[in-house]
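A closer look at the structure
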Amino acid sequence: MTEGKPLKLILKFLFPIFISSVVQQLYSMVDTVVVGRTLGELAFGGVGATGSLSFLIFGFVQGLTSGFAIVTSQLFGKSDESGVKRSVAAAFVLCVALTAILTAVSCVCAMPLLRLMNTPDSIIGYAYDYIITLFIGMFATVFYNILASILRAVGDSRTPLLFLIITSVLNVGLDFLFILVFKMGVAGAGWATVVSQVISGIACLIYMLIKYPMLRISAKDFKGIGKVAGMELWVGIPMALQCSITAIGIMAQQTAINGFGDVAVAAYSAAVRIDGFVNPLFSALGTAMATYAGQNYGAGRYDRIRQGVRVGLLIALICSAVGLAFVLAFNGLLLKLFIKSPTDEMLYYSKTYIVFQAAFYFICGTVNLYRSTLQGMGCSALASIAGVLEAAMRFIAALLFVKWWGYLGVCASTPSAWLAATIYLVIAYYVIIYRQMRAKSADKTPETYETGA
């Protein structure tokens, strides 16, 4: 990532991550499709109602493991092989502790949080059965995410994708096996996801040990990992909190939706799944920029970070146009994928929400671009503030917009959150990057200027 044309490098790295993100979306998407088609609309609404709660916990996991890997990418950019090994060892230790704590907390809090979100009584049982299964299988999510993040940190975004595609096919088969054959209900969909993620993680681990000698750790690499573990927590915790803070805002949004009844919940759940076909474009751009910025920051190439951001804005603009066209063309068809015979009321709720989001996709892309670039530069705390702004806007929407505009207030909440975060992140990025470039210029000697080093 520190040499070559930024556009080519970012696109080459972005595309496998995008496909991987789509496949990850397919895990939950397939669950909801199978549940909706086999167990009915109430079961579908129950699974869909867990989306924000799932994001609260698993977003924390993804943010933390991605943060750990940013330290690895910075050390990789410095060509510090021993540092890379220590960072991997520290990440494994931290992930074991993470799994134990999150599993205990999430299992205890699952039902109270569902009730706090005003989940309708008609679907709360389905919601609990599904989400508690995923929480019990927390280790699978942590296992896969940390290994995939480490591979991406050293520039390999294709391998996690390959294994994820293979196991996603397995997930479909397990969904039907556990739900239709073993009669496990919505819990069967959850267990299908857990088993599939375990297999993905095992495959990534075996490949990593065979392909990358610098990632093979031994007992000596666990000695003296306190400093690098502290660095990983310094970067990872703000990223994790940023994800969870955003999730809390989404939970407020889900609570507002729940107040419209189970029909609105089912339609909204379907719209979010449709949105899930496009949003991976922007999350993939963010992941690519975090790695790109991390490696170039480690190498002191701030000029390349600026180039990458300009390229990223162009990519975000193109992706937003493609996403808008996709949603306008296929939203009605995709709704029928999740619900056999949607009513006119469901069509209204679903189409209104998804079209409203699609109109602001460029802002979504900009948020992911600048936030991930700052995270790659080690400024995770600044990115977390953006998460607070997003959550605050969603709370405002839940309390005020919905009161003023009804369902349209819910639709306006996410774009409003994106816009608030974007304004802050753009200002923060340009302040930081210019400070870094001035500091680097001040350290240069006259000879350095002459040689261009």
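Scroll up to find the structure.
This is a predicted model, so every value here is computed, not measured. (Residues numbered from 1 in each chain as written. Predicted model: local features only at pLDDT ≥ 70, side-chain atom pairs only at ≥ 80, totals over all residues. Heavy atoms only, no water.)

A separate point is the pattern of salt bridges. For the coordinates displayed, the defined rule picks out three salt bridges. Note that Asp-303 is salt-bridged to Arg-301, the shortest N-O span being 3.4 Å. Among the residues examined, Arg-301 registers a relative accessible area of 25% and is labelled partly exposed. For Glu-390, the salt bridge goes to Arg-371, with nearest N and O atoms at 2.6 Å. Separated by 19 residues along the polypeptide, Glu-390 in helix α15 (residues 380-405) and Arg-371 in helix α14 (residues 361-376) bring together distant segments of the chain. (Salt bridge = Lys/Arg side-chain N within 4 Å of Asp/Glu carboxyl O. Buried < 20%, exposed > 50% of the residue type's maximum accessible area, 1.4 Å probe, protein only. Helix = DSSP H or I, 4+ residues; strand = E, 2+ residues; numbered from the N terminus.)

Under the definition given, this model contains 16 aromatic pairs. With a centroid separation of 6.2 Å and an interplanar angle of 45°, the aromatic rings of Tyr-348 and Tyr-407 are classed as tilted. With Tyr-348 in helix α13 (residues 344-358) and Tyr-407 in helix α16 (residues 407-443), this pair connects stretches of sequence that are 59 residues apart. Taking the relative accessible area as the measure of exposure, Tyr-348 reaches 44% and is therefore partly exposed. Seen from their ring centres, Phe-356 and Phe-360 are 6.1 Å apart, and the 25° between their planes marks the pair as stacked. Of the aromatic side chains, those joined through ring pairs into one cluster are Tyr-370, Tyr-429, Tyr-430 and Tyr-434. (Phe/Tyr/Trp six-rings, centres within 6.5 Å; stacked < 30°, edge-to-face > 60°.)

Here the focus is the nonpolar core. General note: in soluble globular proteins, nonpolar side chains tend to be found buried as a group. Of all hydrophobic cores here, the largest spans 66 residues; its most connected members are Phe-135, Met-138 and Leu-215. When near neighbours in sequence (up to four residues on either side) are disregarded, Met-138 contacts Ile-57, Phe-58, Val-61, Thr-99, Leu-102, Thr-103 and Ser-106. Counting 64 residues, the second largest nonpolar core, distinct from the first, contains Ala-271, Met-289, Ala-293 and Cys-319. (Core = buried A, V, L, I, M, F, W, Y, C linked by side-chain atoms within 4.5 Å. Contact = heavy atoms within 4.5 Å.)

What follows covers the packing of helix α4 (residues 81-116) against helix α9 (residues 226-258). In helix packing, the relevant descriptors are the interaxial angle and the interaxial distance, both defined with respect to the helix axes. Taken N-terminus to C-terminus, the directions of α4 and α9 make an angle of 20°; their axes are 12 Å apart at the nearest point. With respect to α9, the element α4 is oriented roughly parallel. Crossing geometry of α4 relative to α9 is assigned as right-handed. Within the contact between the two elements, α4 uses Arg-86, Ser-87, Ala-90, Ala-91, Leu-94, Leu-113 and Leu-116 and α9 uses Val-228, Ala-229, Glu-232, Leu-233, Met-251 and Thr-255. Residue classes in the contact of α4 with α9 are distributed as nine nonpolar, two polar and two charged. (Axes fitted to C-alpha atoms, helices over the stretch in contact; angles between N-to-C directions. Parallel < 35°, antiparallel > 145°, perpendicular 65-115°, else oblique. Left-handed = near helix turned anticlockwise from the far one by under 90°. Nonpolar A, V, L, I, M, F, W, Y, C, P; charged D, E, K, R; others polar.)

Time to look at the environment of Pro-6. As for its position among the elements, Pro-6 is in helix α1 (residues 6-39). When its relative accessible area of 11% is taken as the criterion, Pro-6 is described as buried. Apart from the residues within four sequence positions on either side, Pro-6 is in contact with Tyr-292, Arg-304, Gln-307, Gly-308 and Val-311.

With that out of the way, let us pick up the packing of helix α11 (residues 279-298) against α14. Put simply, α11 and α14 touch, their axes get as near as 7 Å, and they point 25° apart. Between α11 and α14, the crossing angle belongs to the class labelled roughly parallel. The crossing of α11 and α14 is right-handed. In contact with Asn-279, Phe-282, Ser-283, Leu-285, Gly-286, Thr-287, Met-289, Ala-290, Ala-293, Gly-294 and Tyr-297 of α11, α14 contributes Tyr-361, Cys-364, Gly-365, Asn-368, Leu-369, Ser-372, Thr-373 and Gly-376. A class-by-class count of the residues in the contact of α11 with α14 yields nine nonpolar, ten polar and no charged.

Another point: a nonpolar patch on the surface. Together, Val-172, Phe-176, Leu-177, Leu-180, Val-181, Phe-182 and Met-184 line one region of the surface with nonpolar side chains, adding up to about 570 Å² of accessible area. Within the secondary structure, Leu-177 sits in helix α7 (residues 158-181). (Patch = residues over 30% accessible without salt bridge, like charges linked within 9 Å, V, L, I, M, F, W, Y side chains within 5 Å. Areas by Shrake-Rupley, 256 points an atom, 1.4 Å probe, with all protein chains shown as cover.)

Right, let's talk about a positive patch on the surface for a bit. On the surface, a cluster of positive charge is contributed by Lys-5, Lys-8, Lys-12 and Arg-158. Mapped onto the elements, Lys-12 comes out in helix α1. (Lys, Arg positive; Asp, Glu negative; His and termini not counted. Charge placed at Lys NZ, Arg CZ, Asp CG, Glu CD.)

Here we come to helix α6 (residues 138-153). The α-helix winds at 3.6 residues per turn, so residues separated by three or four positions along the chain end up facing the same way. If you check α6, its first and last C-alpha atoms are 23 Å apart, about what 16 residues at 1.5 Å a residue would give, namely 22 Å. Looking one or two residues past α6, Gly-155 carries a phi angle of roughly 95°, positive in sign. (Expected span 1.5 Å × (residues − 1).)

On to helix α5 (residues 121-136). Its 16 residues give α5 an end-to-end C-alpha distance of 23 Å, which sits within 8% of 22 Å, the value for a rise of 1.5 Å per residue. Burial in α5 covers these residues: Ile-123, Ile-124, Ala-127, Tyr-130, Ile-131, Ile-132, Thr-133, Leu-134 and Phe-135.

Bringing the environment of Lys-211 into the picture now. Along the chain, the position of Lys-211 falls in helix α8 (residues 186-211). We classify Lys-211 as partly exposed; its relative accessible area is 48%. Counting along the chain gives 102 residues from Lys-211 to Leu-313, while the straight-line C-alpha distance between them is 34 Å.

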